[in-house]
Amino acid sequence: MSRHSAFMRLDFALSFVDEGDFAAAIEAAEAAIEVLPQEAQFHFVLGEIFEKTGQVDKAIASFRRALELQDEDTLGAGVRLAVLGDASPLSRLPRSYVEALFDDYAPRFEKTLVQHLSYCAPEKVFDLLFSHASRLPKNPAVLDLGCGTGLAGEYMRALAGRLEGIDLSKKMLKQAAKKRIYDELTQGDIEAEVSEDAPRFDVVIACDVLNYLGDLSLLCQRVATRLRPGGFFAFCVESMDRGHGQVSFELHEGQRFMHERTSIRAWLLAAGFEVMEERFTPIRTEKGYPVEGHLVFARLRKFEVTKKNNPDQDTAQTAVTLKH
Ligand SMILES: C[S@@+](CC[C@H](N)C(=O)[O-])C[C@H]1O[C@@H](n2cnc3c(N)ncnc32)[C@H](O)[C@@H]1O
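Residues numbered from 1 in each chain as written. Predicted model: local features only at pLDDT ≥ 70, side-chain atom pairs only at ≥ 80, totals over all residues. Heavy atoms only, no water.

Asker: Run through the nonpolar core, naming residues and quoting values.
Answerer: One finds Leu93, Leu129, Met156 and Ile205 to be the most contacted residues of the largest nonpolar core, which totals 45 residues. Broken down by element, this core gets its largest block of residues, 5 residues, from helix H8 (residues 121-130). Among the nonpolar cores identified, the runner-up in size contains 28 residues, and Ala206, Leu213, Phe235 and Phe273 belong to it. (Core = buried A, V, L, I, M, F, W, Y, C linked by side-chain atoms within 4.5 Å. Buried < 20%, exposed > 50% of the residue type's maximum accessible area, 1.4 Å probe, protein only. Helix = DSSP H or I, 4+ residues; strand = E, 2+ residues; numbered from the N terminus.)

The following block contains the structure:
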């Protein structure tokens with residue numbers, strides 16, 4: 001049997017899933033695997049079908065196989081294993097998975113999110129920022145983390161003197177570039193690449209991107225290095241609760257992280273921020289239900305570097321003090 005017929009079997013399997021005939025779907029996916037046993041995607045799809053039918057052990061075995069067969073886990077098999085509790089908890093989603101997910105999603109991202117999932121995080125983060133407009137410098141330099149196709153950039157353009165965006169997905173960036181609203185777009189990871197330069201931004205925004213990271217401590221530190229003293233960080237995350245502090249973040253079924261309020265405040269504080277305002281409001285729907293967003297507007301405290309003479313040692317000492 002040919003490679004082509006194996007992929008046809010997989011298509012049949014997916015059609016059976018749509019029709020709700022899971023037994024036929026499993027049979028078709030297993031037949032595809034018989035022909036091409038090294039095809040990671042086939043094992044992944046079979047895992048998803050097993051998971052849908054509640055056969056968790058078989059789902060885990062299939063996801064493990066899919067993971068073994070890939071050099072880089074672009075399918076997200078490791079993410080499914082973490083959701084099913086078969087892998088150690090993730091502190092962020094793998095870069096290769098997020099990149100592949102959004103490269104695939106890019107052409108239909110805006111239609112799906114805005115029209116079908118009532119996505120409104122960019123508007124709400126902008127409203128929060130705009131309500132503090134009197135605090136912002138004129139023509140602020142703005143960095144849009146995980147800018148995607150530029151939905152948040154469209155709001156920010158009117159306010160920003162300079163607007164830059166960074167994103168992992170080349171294809172999302174390509175959509176953003178078509179809008180001609182960014183002065184510069186960079187492909188990169190917001191945790192890894194945000195700290196390379198000197199501080200030159202007045203505002204950093206992040207709409208619906210920090211939920212692809214779990215632990216935000218490093219990210220908060222990186223953002224602090226890019227902001228001028230007194231600069232602002234406006235972002236949203238998916239809210240886990242209103243702050244009881246048991247767990248800082250949790251990966252949910254939708255394969256994104258939810259974050260807990262007191263941890264966010266602690267990460268920000270440790271990085272030198274003070275929280276100026278928080279809002280709790282729906283930012284999208286998922287399976288018909290509203291997803292509660294946690295919007296945060298924070299300011300990087302100003303550091304004052306002063307030279308003090310030390311009379312005992314007759315040397316100049318540098319003291320760094322926080323300015324409020
Ligand atoms: C749900 S979209 C949101 C896009 C945009 N901020 C908006 O509100 O329309 C998430 C975006 O974050 C990007 N992303 C996720 N994790 C990232 C990371 N670690 N570094 C850079 N970009 C990331 C994805 O590629 C995707 O374009």
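Asker: Give a detailed account of unusual backbone geometry, specifying residues and quantitative values.
Answerer: Unusually for a residue other than glycine, arginine 180 sits at a positive phi of about 55°. With a relative accessible area of 76%, arginine 180 lands in the exposed category.

Asker: Before we move on, could you go through the packing of helix H1 (residues 3-19) against helix H2 (residues 22-35) and cite the residues and values that matter?
Answerer: Orientation of H1 relative to H2, taken along the N-to-C sense of each, is 165°, at an axis distance of 8 Å. Considering the angle they form, H1 stands roughly antiparallel to H2. Where H1 crosses over H2, the two elements pack in a sense that is left-handed. Seen from H1, the contacting residues are Ala6, Arg9, Leu10, Phe12, Ala13, Phe16 and Val17; seen from H2, they are Phe22, Ala24, Ala25, Ala28, Ala29, Ala31, Ala32 and Val35. Here the contact of H1 with H2 is built from residues that sort into 14 nonpolar, no polar and 1 charged. (Axes fitted to C-alpha atoms, helices over the stretch in contact; angles between N-to-C directions. Parallel < 35°, antiparallel > 145°, perpendicular 65-115°, else oblique. Left-handed = near helix turned anticlockwise from the far one by under 90°. Contact = heavy atoms within 4.5 Å. Nonpolar A, V, L, I, M, F, W, Y, C, P; charged D, E, K, R; others polar.)

Asker: With reference to specific residues and values, describe H8.
Answerer: Every buried residue of H8 is listed here: Ala121, Pro122, Val125, Phe126, Leu128 and Leu129. One side of H8 carries all its buried residues, which in axial view fall inside an arc of 160°. Those residues of H8 that are buried are in contact with helix H9 (151-156), strand E4 (201-206), strand E5 (227-239), strand E8 (273-286) and strand E9 (289-300). (Arc of directions from axis to C-beta.)

Asker: Explain the side chain of histidine 43 to me, using residue names and the numbers behind them.
Answerer: Relative to the helices and strands, histidine 43 resides in helix H3 (residues 40-52). On the basis of relative accessibility, which here comes to 9%, the residue histidine 43 falls in the buried class. Apart from the residues within four sequence positions on either side, histidine 43 is in contact with Ile33, Pro37, Ser62, Arg65, Ala66 and Leu69.

Asker: Mind laying out the domain arrangement of the protein, listing which residues take part and the relevant values?
Answerer: Splitting the protein by domain gives domain 1 (3-88) and domain 2 (107-304). One C-alpha centre belongs to domain 1, the other to domain 2; they are set 34 Å apart. Between domain 1 and domain 2, the residue contacts involve 5 residues of the former and 4 residues of the latter. A buried area of about 380 Å², summed over both sides, lies between domain 1 and domain 2, and 54% of it is on carbon and sulfur atoms. Together, Val79, Arg80 and Val83 form the three largest contributors to the area buried by domain 1 at its contact with domain 2, with a combined 84%. Across the domain 1-domain 2 interface, the total number found is 1 salt bridge. Residue glutamate 253 is joined to arginine 80 by a salt bridge in which the shortest nitrogen-to-oxygen separation is 3.3 Å. The interface formed by domain 1 and domain 2 includes 2 residue pairs in polar contact (both at pLDDT 80 or more). In terms of residue count, the dominant contributor to the side of domain 1 that touches domain 2 is helix H5 (residues 77-83) (4 residues). (Domains from an automatic or database assignment. Buried area = accessible area lost by both parts, 1.4 Å probe. Salt bridge = Lys/Arg side-chain N within 4 Å of Asp/Glu carboxyl O. Polar contact = N/O pair within 3.5 Å; in protein donor to acceptor, adjacent residues only side chain to side chain.)

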